[in-house]
Amino acid sequence: MELTAAEPRRKGLVQLYIDGEPAVKIDNEVLLLSRIKPGDELTDEELHRLILDSDAHRAKEKALYLLEYRDHTKKELTEKIARTAASREAAEAAVDRMEELGLIDDDSYGRRYARELFVRKKYGPLRVRQELRQKGIDPELISELLEEYDDPEAFTERIGEILERKYSGWQEDEKVKRRAFSALQRMGYSYEHIREGMRGLSDS
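This write-up is about the structure you can find in this document. (Residues numbered from 1 in each chain as written. Predicted model: local features only at pLDDT ≥ 70, side-chain atom pairs only at ≥ 80, totals over all residues. Heavy atoms only, no water.)

### A few points about the pairing of strand β2 (residues 13-18)
Most of β2 sits out of view: 5 of its 6 residues are buried. Two strands pair when backbone bridges link them, and strand β1 (residues 3-8) and β2 are joined in this way by 5 bridges, in the antiparallel orientation. When the sheet's bridge partners are listed, A6 is paired in β2 with L16. Two successive antiparallel strands, β1 and β2, enclose a turn made up of 4 residues, where K11 displays a positive phi of approximately 60°. With 5 bridges joining them, β2 and strand β3 (residues 21-27) adopt antiparallel strand pairing. Residue pairing in the sheet places V14 in a bridge with I26 of β3. Remark: 2 residues form the turn of the hairpin made by β2 and β3, two consecutive strands paired antiparallel; D19 in that turn has positive phi of roughly 50°. (Buried < 20%, exposed > 50% of the residue type's maximum accessible area, 1.4 Å probe, protein only. Helix = DSSP H or I, 4+ residues; strand = E, 2+ residues; numbered from the N terminus. Pairing = 2+ DSSP bridges.)

### Focus: the side chain of R58
Among the secondary structure elements, R58 is positioned in helix α2 (residues 44-69). At 2.8 Å, the side chain of R58 and the backbone oxygen of K11 are in polar contact. The residues contacting R58, other than those within four sequence positions of it, are K11, G12, L13, D27 and A85. (Polar contact = N/O pair within 3.5 Å; in protein donor to acceptor, adjacent residues only side chain to side chain. Contact = heavy atoms within 4.5 Å.)

### Quick word on the nonpolar core
L132, L163, Y167 and L184 are the most contacted members of the largest nonpolar core, which has 30 residues in total. Those elements that place two or more of their residues in this core are α5 (106-120), α6 (125-135), α7 (139-148), α8 (152-166), α9 (174-186) and α10 (191-203). Ignoring anything within four residues of it in the chain, the contact list for L163 reads S168, W170, A180, L184, M198 and L201. (Core = buried A, V, L, I, M, F, W, Y, C linked by side-chain atoms within 4.5 Å.)

### Some remarks on a negative patch on the surface
On the surface, E147, D150, D151, E153, E157, E161 and E164 cluster together into a negatively charged patch. Ranked by the residues each element gives to the negative patch, the list is headed by α8, at 4 residues. In this structure E161 comes out as partly exposed when scored by relative accessible area, which is 35%. (Patch = residues over 30% accessible without salt bridge, like charges linked within 9 Å, V, L, I, M, F, W, Y side chains within 5 Å. Areas by Shrake-Rupley, 256 points an atom, 1.4 Å probe, with all protein chains shown as cover. Salt bridge = Lys/Arg side-chain N within 4 Å of Asp/Glu carboxyl O. Lys, Arg positive; Asp, Glu negative; His and termini not counted. Charge placed at Lys NZ, Arg CZ, Asp CG, Glu CD.)

### Notes on the pattern of salt bridges
Applying the stated criterion across every chain, the model contains 16 salt bridges. With its nearest N and O atoms 2.8 Å apart, the salt bridge here joins R58 to D27. In this pair, R58 sits in helix α2 while D27 sits in strand β3, placing the two residues 31 residues apart along the sequence. Like R58, the residue D27 is buried in the burial classification. If you follow the salt bridges from partner to partner, you end up with D107, R111, E144 and E148 in one network.

### Structural notes on the layout of surface pockets
Taken as a whole, the largest pocket spans an internal volume of roughly 280 Å³. The wall of the largest pocket is formed by K11, D27, E29, H57, R58, E61, K62, Y65, T84 and A85. With 5 residues, the single largest contributor to the lining of the largest pocket is α2. Of the residues assigned to the lining of the largest pocket, the class counts are 2 nonpolar, 2 polar and 6 charged. (1 Å grid on protein atoms, 1.4 Å probe; cavity = no way out; pocket = protein on both sides within 12 Å on 5 of 7 lines; lining within 4 Å. Points joined across faces, edges and corners; volume = space filled by probe spheres on them. Nonpolar A, V, L, I, M, F, W, Y, C, P; charged D, E, K, R; others polar.)

Pasting the structure below:
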């Protein structure tokens, strides 16, 4: 079969035409490196190799692009690449390579993210567990981090601060109290944590 044309497309792709018919789009850089040009004869194996090389190249490029802006977990980065730039297989291979290069570290990411959720966003343990799971953090590390930050007295104090700052009328208005209760549950605090926090303010 003959590569009859290679026409530029958006996002660094080129449309290949085989025997005059549109075939596949591949990465322009991959095509240039292959030294294959219009008029050359291609075997099925050569075309398949072009497609695989293009997929792998675009996955790696996307991984590096995303990591320039912020850190990602393996799961998060794989899903973004597979959704927008390459096949899941190529995405997984690219992400494994990023990990080998030290550009991804789920353990370090999980510890930083847990601190942000607990300390800056003031989430409770239920919400923190959910957020870490969604990022793909290892369950054993999640359990370790939740245990590390397990401080009922701090949770009680934090709930009290949230109530006083955002729901100052909760003790007099039942509607405000219910709204505060629901908000604190969404933040990841258990029924017991919230009751304790409310009791602490009621007794003060």
